[in-house]
Amino acid sequence: MKAEAGILESDDARTARGKLSASIAALVEEPGEAEWVGSRLAPLIGLADTNADGVEQMESFSAWRLFLEAIASQRPLVIAIEDLHWAQAAMIDFISHVLEWSTGYPMLILCSARPELLQRDPQWGGGMRNSVIVSLTPLSDDDTRTLLESIMPRNTAPDLYELIAERAGGNPLFAEEFVRMLEDRSGGAVVGSDVAVLLDSSPESLDALIAARLDTLDIEEKSLLQDASVIGRVFWATAVAEVSGSDVQSVQVGLRDLAQRELVRRSRISSVQGDAEYAFAHALIRDVAYGQIPRLARVDKHVVAAGWIERLAIERVADHAELLAHHYGQALDLSMAAGREGLDELEEATRRALMLAGERSIALDVARATKSFDRVLELLPEGHPDRASALFWKATAAQDAGRYEEAEELYRRSIEAFREGGDRIGEGATFGALAAQWL
């Protein structure tokens, strides 16, 4: 939706709302319907909308589907979703909703997932109209050879193809990374006479293979890649510069070198104005690079990354709340595991981000919102003045999910906490919410 509307992560609230409204107006002709769609799309970019209070999930799904259908009515639309097995339940439910209800539009939704998705939800995709599941088996030796021929020099010895195919075991990523490792170790001369020696000393697992590739980098390049891994699968040059404590120009040079080694890729269009955007060539490269950072060294890096995100779009910080909760949460967990003391500020930052993430998620994914509030309550000791508000929001999430008895209990606990803290306004508002639940 951001891509369609041209909304950047660095846009302020007014700019983002203006782009959203303009995009919807170009797609939905009837003003009333456009306003209805806009109020239900606004939470997706971290904008609250008073017209969407108390909106049920299926109503939001209908608005999001209408937005996609409006795009597809003007031109064929392809939506690619990677790694669906990592998606929250609400995301999968929405895709199922589109498959079930959207017909007559030139729209293709292409999802990739590991078999774990069907273990988690055996019925997903099965029996739904307009859906097809294609199971991908490991590559055959002939297929692996075809892949290798496309990425290796033409004068490569035939025996080398067979050796690499045997090591790859049908895994295309392993085959690609193996070739790149040989190139890094031999200075690009994959067809050289020392290949047999390189093969004998090469790693067996994919993680070890990627780690071996990273070991061929010089210290500065490896450190730069590790700093980028703290930010995430997608990252920006200025963010890496802050995490690494380097100037942006030298970071950009280093990232270009890493892109030439095919460890990262530069995005054609950046979602942050005036800043180069990159992504790791594969999630495993990011995971291996991150795993090589000493655990205590990660703490300060996560805090710096969170600070960069907060400054990115102050007025739309809710849109980045889950990222902030991740970075502050990782820093807090690592600090606690190391037995560090004096973590009050870090705990406060983590709770603040979790509360913001939970409040934003209520309009999108009640289950995710509940997890955020649960984590907040874990971090708040009994008697803390903020427990009352956290209990109230968890009750709201339970009510939206239709768990009314649980919601009533949580509302009553929230009322008691507000009363003990002397917050008459909070107590009264919670009484009102409790009463409204049974109307």
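Keep in mind that what you see is a predicted model, and the values were worked out from it rather than measured.

Caption draft 1: Main features of a nonpolar patch on the surface. A grouping of Val-78, Leu-108 and Leu-110 is seen on the molecular surface, where their side chains present a nonpolar patch of about 300 Å² in accessible area. Within the secondary structure layout, Leu-108 lies in strand S2 (residues 107-111).

Caption draft 2: Main features of helix H7 (residues 141-151). Inspection of H7 places Thr-144, Leu-147 and Leu-148 among the buried residues, and these make up the whole buried set. Within H7, the buried residues cover an arc of 100° as seen down the axis, which keeps them to one side. Facing away from the buried side of H7 by more than 90 degrees, the exposed set consists of Asp-142, Thr-146 and Ser-150.

Caption draft 3: Broad picture of the pairing of strand S5 (residues 277-280). Burial along S5 is two-sided: Glu-277 and Ala-279 facing one way and Tyr-278 and Phe-280 facing the other are all buried. In this structure, strand S3 (residues 234-236) lies alongside S5, joined through three bridges in antiparallel fashion. Residue pairing in the sheet places Trp-236 in a bridge with Glu-277 of S5. In terms of strand pairing, strand S4 (residues 264-266) meets S5 through three bridges, oriented antiparallel. Its bridge partner lying in S5, Arg-265 is registered against Ala-279.

Caption draft 4: Looking closely at helix H3 (residues 31-41). For H3, the set of buried residues is Ala-34, Val-37, Gly-38, Ser-39, Arg-40 and Leu-41. Looking at the buried positions of H3, the neighbouring elements they touch are helix H2 (13-27) and helix H4 (57-74). The opening residue of H3 is Glu-30, an N-cap whose side-chain oxygen sits 3.0 Å from the backbone nitrogen of Gly-32.

Caption draft 5: Looking closely at the nonpolar core. Core analysis: the largest hydrophobic core is formed by 83 residues, its most contacted members being Ile-164, Leu-214, Leu-225, Phe-235, Leu-255 and Leu-258. Looking at this core, the element that brings in the most residues is helix H9 (residues 172-186), giving seven residues. Apart from the residues within four sequence positions on either side, Leu-255 is in contact with Leu-224, Phe-235, Ala-237, Val-264 and Tyr-278.

Rules and cut-offs
- Residues numbered from 1 in each chain as written.
- Predicted model: local features only at pLDDT ≥ 70, side-chain atom pairs only at ≥ 80, totals over all residues.
- Heavy atoms only, no water.
- Patch = residues over 30% accessible without salt bridge, like charges linked within 9 Å, V, L, I, M, F, W, Y side chains within 5 Å.
- Areas by Shrake-Rupley, 256 points an atom, 1.4 Å probe, with all protein chains shown as cover.
- Salt bridge = Lys/Arg side-chain N within 4 Å of Asp/Glu carboxyl O.
- Helix = DSSP H or I, 4+ residues; strand = E, 2+ residues; numbered from the N terminus.
- Buried < 20%, exposed > 50% of the residue type's maximum accessible area, 1.4 Å probe, protein only.
- Arc of directions from axis to C-beta.
- Pairing = 2+ DSSP bridges.
- Contact = heavy atoms within 4.5 Å.
- Polar contact = N/O pair within 3.5 Å; in protein donor to acceptor, adjacent residues only side chain to side chain.
- Core = buried A, V, L, I, M, F, W, Y, C linked by side-chain atoms within 4.5 Å.

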